[in-house]
Amino acid sequence: MLAIIGGSGLAQLPVLDVTHRQVVRTPYGDPSCALTFGKLSGQNVVFIARHGYGHSLAPHEINYRANLWALHNQGAKGVIAIGTVGGIRPDMAPGRLVVPHDIIDYSSGRKHTFFEGPERPVVHAEFTSPYDADLRRRLREAIQRSGISGVHDGVYACTQGPRLESAAEVLKLERDGADIVGMTGMPEAALARELELPYAHLCLVSNWAAGKGHQRKVEFDPAVAAKSVQDMMNTLQSLFSN
Ligand code: HPA
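Procedures and definitions
Residues numbered from 1 in each chain as written. Predicted model: local features only at pLDDT ≥ 70, side-chain atom pairs only at ≥ 80, totals over all residues. Heavy atoms only, no water. Helix = DSSP H or I, 4+ residues; strand = E, 2+ residues; numbered from the N terminus. Buried < 20%, exposed > 50% of the residue type's maximum accessible area, 1.4 Å probe, protein only. Polar contact = N/O pair within 3.5 Å; in protein donor to acceptor, adjacent residues only side chain to side chain. Near = heavy atom within 4 Å. Areas by Shrake-Rupley, 256 points an atom, 1.4 Å probe, with all protein chains shown as cover. Nonpolar A, V, L, I, M, F, W, Y, C, P; charged D, E, K, R; others polar. Expected span 1.5 Å × (residues − 1). Arc of directions from axis to C-beta. Contact = heavy atoms within 4.5 Å.

By secondary structure assignment, the location of Arg 50 is in the loop between β4 (43-49) and α1 (64-73). Judged by its relative accessible area of 0%, Arg 50 is buried. Within the structure, the side chain of Arg 50 is placed 2.8 Å from the side chain of Glu 188, a separation counted as a polar contact.

Encoded structure:
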């Protein structure tokens with residue numbers, strides 16, 4: 001069974017045939033919301049809305065440890081994480097789907113490891129390639145099968161939020177080698193690695209990052225968002241039917 005973590009604007013998965021919901025508690029506190037179990041293209045899936053059902057949790061308020069622990073504990077064997085991002089690289093325009101291959105973490109103050117406290121050993125999780133190669137390949141192939149163009153690798157920068165970045169901050173991210181910017185990719189990816197859960201990120205570019213795309217301020221186009229959500233649903237259906 002694969003898990004899907006839904007991001008902003010994706011508190012529910014219309015393509016999921018829901019069988020039941022389950023409230024789960026963990027040693028790390030409560031997950032963002034109840035887990036939803038169901039079938040997607042005939043395959044078992046467990047889904048959680050990262051920001052809660054009413055989008056009530058800001059990126060720094062999400063209990064990433066409880067979410068990952070709950071999914072793992074319910075038998076998930078891998079995670080498809082969905083998130084919206086700002087586009088930095090010129091070909092990462094709003095509307096694109098991106099399956100990043102690497103990550104830079106600029107977040108701070110989040111509970112970011114399971115390995116802490118007197119009872120726990122010190123473990124340094126291997127993180128050279130944060131995302132699972134096989135899940136990434138399956139996502140790329142599903143995007144291609146769905147006839148969606150312009151799939152790219154990319155480096156994901158995770159900022160702290162909840163505010164958006166300044167133009168100078170985005171230039172710094174670009175100099176660092178980042179192609180897209182979001183707020184929730186970490187510590188999620190690292191916690192999945194600590195649990196040895198294969199994890200890949202399907203990112204929807206919702207806007208040009210601050211100062212990019214010749215815009216004076218960050219703008220979100222609802223029509224572009226609706227189209228990329230549809231592209232993402234098609235991708236998931238194709239992924240699970242293969
Ligand atoms: N910056 C950070 N996070 C985001 C953005 C952005 O421009 N767009 C969507 N999530």
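Further remarks concern the site of the ligand. Neighbouring the ligand are Thr 84, Val 85, Gly 86, Leu 164, Glu 165, Val 181, Gly 182, Met 183, Ser 206 and Asn 207. Taking Asn 207, its side chain carries an N or O atom lying 2.7 Å from a nitrogen atom of the ligand. Here the ligand has 260 Å² of accessible area as a free molecule, and 93% of this is covered by the chains. Looking at the shell around the ligand, the elements that each hand over two or more residues are β5 (78-87), β9 (180-182) and β10 (199-208). When residues in the shell around the ligand are grouped by element, the largest group, 3 residues, is from β5. Its residues placed into classes, the shell around the ligand shows 4 nonpolar, 5 polar and 1 charged.

To continue, consider helix α2 (residues 133-145). Between its first and last C-alpha, α2 extends 18 Å over 13 residues, near the 18 Å set by a 1.5 Å rise per residue. Residues of α2 that are buried include every one of Leu 135, Arg 136, Leu 139, Ala 142 and Ile 143, and no others. Along the axis of α2, the buried residues cluster in a sector spanning 125 degrees; they form a single face. Pointing more than 90 degrees away from the buried face of α2 are the exposed residues Ala 133 and Gln 144. Packing partners of the buried residues in α2 comprise β1 (2-6), β5, β6 (97-98), β10 and α5 (222-241). For α2, the side-chain oxygen to backbone nitrogen distance between the N-cap and Asp 134 is 3.3 Å, and the N-cap itself is Asp 132.

As a further point, take α1. One full turn of an α-helix is made of 3.6 residues, so residues set three or four places apart face in the same direction. Of all 10 residues in α1, 7 are buried, a share of seventy percent or more. For α1, the complete set of buried residues consists of Tyr 64, Arg 65, Ala 66, Asn 67, Leu 68, Ala 70 and Leu 71. Of the surrounding secondary structure, the elements contacted by the buried residues of α1 are β1, β3 (35-40), β4, β5 and α4 (188-194). Of the residues trailing α1, Gly 75 is marked for its positive phi of about 100 degrees.

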